[in-house]
Amino acid sequence: MKKKLSLRDVNMILVVVGLVILVATYFLVYQNYSAKNAELDTQLTEREAHLKELQGYYDNLKTYEKGTEDGKVNISRNLSRLPLDIKSEDFLVYIMDSVDDVGGSLLSVNYRDSAQIATLNTVVDGKQVPVTGYQVGAGFNGIMNYSQLKNYLDYVYNESDNVTFIDNFTLTTDATSRKLNVTFNLSKYFITYDGGEYIPVPVPDVSIGVDDPFHTN
């Protein structure tokens, strides 16, 4: 004999099944959507912050554009002080001119090989190009008085268009002539890049001997 479920039992079963479905819905659906909503909230917060940053850039666009143009001008000005190569004769002309400018006497000159010191990307003629920087050195011995020595230091750092540094210098006093025997070691810098053209420094003409030393003509 089968026992029939009462209406109360049926209602109780339906309530239990409903609760099970509700709990399952919470864990399987609600939490899933809740996690997605939290993720979307995070993305929205990040994008709002990024949008605010972009808005700040846009509000200052004129300032950035002017800064970019000023930067290009400064880069061009500084690059113009860096030749596209320095040969030994270029350095010799510089040393001769600098010593002559202060009234000193040049005795001897020596050279050091160039060495690569840096690679970077910069703007040349409005385009970004890779540039390689080099250091090249030379030294000389000469004779100067104290005033000429001070003028030479000023010439190197303030009067010269190209970038030149004094690595070191020494001096001794000649008691007989009351002059200073000086030795300077200098460094110059140059750059190279694709399309850059080396322009040699004009070398002055030097007269070597005479056509007829015995004056037979």
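To be clear, the structure that these remarks concern was listed above.
Residue indices follow the written sequence of each chain, beginning from 1 at its first position. Where local features are concerned, this predicted model is filtered to residues with pLDDT of at least 70; where side-chain atom pairs are given and counted, the filter is 80 or more; whole-chain, interface and lining totals use all residues. Side-chain metrics in this entry use all non-hydrogen atoms of the structure; hydrogen atoms and water are not considered.

A. Representation of the overall build of the chain within the structure. Numbering of helices and strands runs from the N terminus; a helix is a DSSP stretch of H or I covering at least four residues, while a strand is a stretch of E covering at least two. For the chain, the helix and strand inventory stands at four helices and four strands. Starting at the N terminus and ending at the C terminus, the chain contains elements arranged as α-α-α-β-β-α-β-β. When a residue's accessible area, from a 1.4 Å probe over protein chains only, is under 20% of the maximum for its type it is buried; when over 50% it is exposed; and in between it is partly exposed. Scored against the burial criterion, the 217 residues of the chain give a buried share of 20%. Contacts are assigned to residue pairs that have any heavy atoms within 4.5 Å of one another. The long-range share in the chain, meaning contacts at least 24 apart out of those at least 6 apart in sequence, stands at 68%. The protein chains shown are the only cover counted for residues, whose accessible areas, like all others here, come from Shrake-Rupley with a 1.4 Å probe. Accessible surface computed for the chain: about 16,500 Å², of which carbon and sulfur atoms make up 56%.

B. Examining the sheet that holds strand 4 (residues 179-192) more closely. One open sheet holds the four strands; their spatial order is 1-2-4-3, and the pairing between them is antiparallel. Bordering the open sheet on either side are strand 1 (105-124) and strand 3 (164-174), each of which pairs with just one other strand. The sheet shows a mean angle of 10° between the axes of neighbouring strands, direction not considered. In terms of strand pairing, strand 2 (residues 127-144) meets strand 4 through 13 bridges, oriented antiparallel. Within strand 4, the residue paired with Ile143 across the bridge is Asn181. Every axis corresponds to a line fitted to the C-alpha atoms, with the helix fit spanning only the stretch in contact, and the corresponding angles, defined between N-to-C directions, vary from 0 to 180 degrees. The strands that helix 4 (residues 146-159) touches are strand 2, strand 3 and strand 4; relative to strand 3, the one it contacts most, it runs at about 175°. For two strands to be treated as a pair, DSSP must find at least two bridges joining them.

C. Local environment of the side chain of Asp85. Among the secondary structure elements, Asp85 is positioned in the loop between helix 2 (61-79) and helix 3 (88-102). There is a polar contact of 2.9 Å between the side chain of Asp85 and the side chain of Lys87. If we skip the residues at most four places from it in the chain, Asp85 touches Asp90, Phe190, Ile191 and Tyr198. Polar contacts, as used here, are pairs of N or O atoms within 3.5 Å; protein pairs need one atom able to donate a hydrogen and one able to accept it. Residues neighboring in sequence count only if both atoms are side-chain atoms.

D. Structural detail: helix 4. Between its first and last C-alpha, helix 4 extends 18 Å over 14 residues, near the 20 Å set by a 1.5 Å rise per residue. Taken together, the buried positions of helix 4 are occupied by Gln148, Leu149, Tyr152, Tyr155 and Val156. The buried residues of helix 4 occupy an angular sector of 115° when the element is viewed end-on, so they sit on one face. Among the exposed residues of helix 4, those pointing more than 90 degrees away from its buried face are Tyr146 and Asn158. Measuring from the backbone nitrogen of Ser147 back to the side-chain oxygen at the start of helix 4 gives 3.2 Å, which picks out Asn145 as the cap. To estimate the expected span of a helix, subtract one from its residue number and multiply by 1.5 Å. This arc is taken over the directions from the axis of the helix to the C-beta atoms.

E. Representation of the packing of aromatic side chains in the model. Centres within 6.5 Å are what make two rings of Phe, Tyr or Trp a pair, Trp counting through its six-membered ring; a difference in plane orientation under 30 degrees is then read as stacked, over 60 as edge-to-face, and the rest as tilted. Going through the model one piece at a time under the given rule, you end up with nine aromatic pairs. Ring geometry for Tyr94 versus Tyr155: centroids 6.2 Å apart, planes at 50°, classification tilted. Linking Tyr94 in helix 3 with Tyr155 in helix 4, this pair joins segments that are 61 residues apart in sequence. The residues Tyr94 and Tyr155 share a single accessibility class, namely buried. Between Phe169 and Phe184 the ring centres are 5.0 Å apart and the planes differ by 15°, which places this aromatic pair in the stacked class. Here Phe169 is found in strand 3, whereas its partner Phe184 is found in strand 4, with 15 residues between them in sequence. Judged by its relative accessible area of 34%, Phe169 falls in the partly exposed class. Of the aromatic side chains, those joined through ring pairs into one cluster are Phe140, Tyr152, Phe169 and Phe184. For a Lys NZ or an Arg CZ to count as sitting over a ring, it must be within 6 Å of the ring centre and within 35 degrees of the ring normal. A cation over a ring is seen here: Lys87 above Tyr198, with NZ or CZ 5.4 Å from the ring centre.

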